[in-house]
Structure formats: C-alpha cells, structure tokens
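A closer look at the structure
Here's the letter readout for the chains.
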Amino acid sequence: MSLVTLQNLSFDYGGQVVFEGVNLTVHKGERYGLVGANGAGKSTLMRLITGEMDPVSGRLERGGRIRV
C-alpha cells in the first residue's frame, strides 16, 4: 500500500522554479530522509506532502494516515 505518491510534481514561487519532475512513492513501513542545501526546496516538498500547499503541476496522492 502506498502512503504517498508524487508523479511529475513541480512547484515554483513567482516564476522561480523550486523543483520540477519529482517522482516518489512511499510505501507503508518505509522511512526516508530528506537532505539538501539551504533553499533547495526541502520544506516546500514537505508542505506539499502534508497538504499545506498545492503543487503547480503533477499529481500528489496521499493514501492513508501519514506522520511527518
């Protein structure tokens, strides 16, 4: 069972691309770490996954209860 699925996810702030074409599937029982430079979009990606923000394009599915 997949808890989170990102397909071709993209996001930008006022025309400045934060990330584009992100693909990820997280299945029940899996754990991931998110590492990157300051300003790389880590917090933005987490806000998208938790539903605090909406992606510019792509598909984001949450299938079940997740803990971030």
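Everything in this summary refers to the structure shown in the same document. (Residues numbered from 1 in each chain as written. Predicted model: local features only at pLDDT ≥ 70, side-chain atom pairs only at ≥ 80, totals over all residues. Heavy atoms only, no water.)

What follows deals with the nonpolar core. Membership of the largest hydrophobic core is limited to twelve residues, which are Leu-3, Val-4, Leu-6, Leu-9, Phe-11, Phe-19, Val-26, Leu-45, Leu-48, Ile-49, Met-53 and Leu-60. Of all elements in the fold, only strand E1 (2–13), strand E2 (16–27) and helix H1 (42–50) reach the threshold of two or more residues within this core. For this core, the element with the most residues is E1, which contributes five residues. Residues in contact with Leu-3, not counting those within four places in the same chain, are Val-26, His-27, Lys-28, Glu-61, Arg-62, Gly-63, Arg-65 and Ile-66. (Core = buried A, V, L, I, M, F, W, Y, C linked by side-chain atoms within 4.5 Å. Buried < 20%, exposed > 50% of the residue type's maximum accessible area, 1.4 Å probe, protein only. Helix = DSSP H or I, 4+ residues; strand = E, 2+ residues; numbered from the N terminus. Contact = heavy atoms within 4.5 Å.)

Before going further, it helps to examine the side chain of Thr-44. Mapping Thr-44 onto the fold places it in helix H1. Residues within four places of Thr-44 in sequence aside, it is in contact with Phe-11, Tyr-13, Phe-19 and Met-53.

We now examine H1. For H1, every residue scored as buried is listed here: Thr-44, Leu-45, Leu-48 and Ile-49. Considered in projection along H1, the buried side chains sweep an arc of 140° and stay on one side of the axis. Considering only its buried residues, H1 is in contact with E1, E2 and strand E3 (57–62). Remark: Gly-51 follows H1 within two positions and exhibits a positive phi of approximately 90°. (Arc of directions from axis to C-beta.)

Looking now at the pairing of E2. Summarising the sheet, E1 and E2 pair through eight bridges and their orientation is antiparallel. Considered in E2, the bridge of Phe-11 is made with Phe-19. Connecting E1 to the next strand, E2, in antiparallel fashion are two residues, including Gly-14 with a positive phi near 55°. (Pairing = 2+ DSSP bridges.)

A separate point is the layout of surface pockets. For the largest pocket, the calculated volume is near 610 Å³. Lining the largest pocket are 17 residues; nearest its centre among them are Val-26, Glu-30, Arg-31, Tyr-32 and Arg-67. The greatest single-element share of the lining of the largest pocket, amounting to three residues, is contributed by H1. Class assignment of the residues belonging to the lining of the largest pocket gives a composition of eleven nonpolar, two polar and four charged. (1 Å grid on protein atoms, 1.4 Å probe; cavity = no way out; pocket = protein on both sides within 12 Å on 5 of 7 lines; lining within 4 Å. Points joined across faces, edges and corners; volume = space filled by probe spheres on them. Nonpolar A, V, L, I, M, F, W, Y, C, P; charged D, E, K, R; others polar.)

Taken as a whole, this structure holds one aromatic pair when the rule is applied. Taking the centre distance of 5.0 Å and the plane angle of 85° together, the rings of Phe-11 and Tyr-13 count as edge-to-face. Given a relative accessible area of 7%, Phe-11 falls into the buried group. (Phe/Tyr/Trp six-rings, centres within 6.5 Å; stacked < 30°, edge-to-face > 60°.)

Bear in mind that shape data such as this cannot, by itself, settle questions of function.
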